[in-house]
Amino acid sequence: MSVDILAIAAHPDDVEQTCGGTLIKMVEKGYRAGILDLTAGDMGTRGTPEQRLAEAGEAARVMLVGRRENLHFPDARLENTISARMTLAIKIREFQPRVVILPYWQGRHPDHYRTAELGYEACFLSGLRKLDEYTEPHRPYKIIYSSVYANVTPSFVVDISAQFERRMSALLSYRSQFGAVLAGKELFPDEQEIRERLGAVARFYGNLVGVKYGEPFVVKETMLVEDIVQMGARSI
Ligand SMILES: [Zn+2]
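The text that follows walks through the structure, step by step, so that each part is easy to find. Keep in mind the model is a prediction, meaning the values are calculated, not measured.

## Here's the deal with empty space enclosed by the protein
Point 1. Considering all chains together, one arrives at 1 cavity of 30 Å³ or more under this definition.
Point 2. Here the largest cavity defines a volume of roughly 90 Å³.
Point 3. Around the largest cavity, the lining is made up of 13 residues, and of these Ile 8, Ala 9, Asp 14, Thr 18 and Pro 103 lie nearest the centre.
Point 4. Elements that contribute at least two residues to the lining of the largest cavity include exactly strand E1 (5-9), helix H1 (15-18) and strand E4 (99-103).
Point 5. If one sorts the elements of the lining of the largest cavity by residue count, E4 sits on top with 3 residues.
Point 6. Taken together, the residues of the lining of the largest cavity sort by class into 9 nonpolar, 3 polar and 1 charged.

Structure representation (structure tokens):
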């Protein structure tokens, strides 16, 4: 099944915290969305990779996302190797997305910025006819970067006020991460804490554009506007 939008993320539960509301909104508009997680989170303190994969599947259903796959690259030590780029490029050919969502290219966690770099280079490779004889070339039209983890001014914000609760339910599908488990308790916030934290972040970005909840994105290209009368985000 090809998709209109493909979110590529380092870890299961990244999408639920960064661009899940946007995916839900686009599916509600009639687009097909997919998620490709690069690692299964096998270095995580809580839960097993099998649990996280099952939870990721459940979260995808909550977000109305039709296709979610995991490439099982090594967690916490993701590397931009030629084989990783090739594997990802072939997957992009299979998904055939028009739009790819990547994490922002700078950040605290190496897996996140490596995913941005890997994703960008794989989007280029996937357009090369001679890359692989079994799959058709496909180069995504647009790459957008989810910047919620980065302290940068977004190029645009998507209003997710109507999708925020569904996104929160998707995140709470990761019961091994956010449930009442004792192991590593000091590292993992409880449900109320995570609700307040994500709510505050989404309110901050929503406030930038005059809506309740928002998700921020950065694009490298200048944005094209067709109708200045229909532009959103009130000036005064
Ligand atoms: Zn992550």
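## Brief notes about the coordination of the zinc ion
Point 1. Distances from the zinc ion to its protein donors, His 11 (ND1), Asp 14 (OD), Asp 14 (OD) and His 112 (NE2), fall within 2.1 to 2.5 Å.
Point 2. Geometry at the zinc ion is irregular, judged from its 4 donor atoms and the angles of 55 to 120 degrees they form at the metal.
Point 3. Written as a sequence motif, the donor arrangement for the zinc ion is H-x2-D-x97-H. Grouping residues by exposure puts His 11 and Asp 14 together as buried.

## A look at the packing of aromatic side chains
Point 1. Under the defined criterion, the tally for this structure stands at 5 aromatic pairs.
Point 2. On the basis of an interplanar angle of 85 degrees and a centroid distance of 4.8 Å, the ring pair of Trp 105 and Tyr 145 is categorised as edge-to-face. Linking Trp 105 in the loop between E4 and helix H5 (110-125) with Tyr 145 in strand E5 (residues 142-146), this pair joins segments that are 40 residues apart in sequence.
Point 3. Judged by its relative accessible area of 2%, Tyr 145 falls in the buried class.
Point 4. Taken together, Tyr 104, Trp 105 and Tyr 145 form an aromatic cluster joined through their ring pairs.
Point 5. Between Arg 67 and the ring centre of Phe 95, over which it is positioned, the NZ or CZ distance is 3.8 Å.

## Side note on the pattern of salt bridges
Point 1. Enumeration according to the criterion identifies 16 salt bridges in this entry.
Point 2. With its nearest N and O atoms 2.8 Å apart, the salt bridge here joins Glu 16 to Arg 68. Note that Glu 16 is positioned in helix H1 and Arg 68 in strand E3 (residues 67-73), a separation of 52 residues in sequence. Exposure class is identical for Glu 16 and Arg 68. Each is buried.
Point 3. The partner of Glu 193 in a salt bridge is Arg 197, with the nearest N and O atoms 3.3 Å apart. Here Arg 197 and Glu 193 lie together in helix H8 (residues 191-208), a separation of 4 residues that amounts to about one turn.
Point 4. Arg 197 sits in the partly exposed class, given a relative accessible area of 42%.

Calculation notes
Residues numbered from 1 in each chain as written. Predicted model: local features only at pLDDT ≥ 70, side-chain atom pairs only at ≥ 80, totals over all residues. Heavy atoms only, no water. 1 Å grid on protein atoms, 1.4 Å probe; cavity = no way out; pocket = protein on both sides within 12 Å on 5 of 7 lines; lining within 4 Å. Points joined across faces, edges and corners; volume = space filled by probe spheres on them. Helix = DSSP H or I, 4+ residues; strand = E, 2+ residues; numbered from the N terminus. Nonpolar A, V, L, I, M, F, W, Y, C, P; charged D, E, K, R; others polar. Donors = N, O, S within 2.8 Å, 3.2 Å for Na, K, Ca; no water. Tetrahedral: all angles 85-135°; square planar, octahedral: opposite > 155°, others 65-115°. Buried < 20%, exposed > 50% of the residue type's maximum accessible area, 1.4 Å probe, protein only. Phe/Tyr/Trp six-rings, centres within 6.5 Å; stacked < 30°, edge-to-face > 60°. Lys NZ or Arg CZ within 6 Å of the ring centre and 35° of its normal. Salt bridge = Lys/Arg side-chain N within 4 Å of Asp/Glu carboxyl O.

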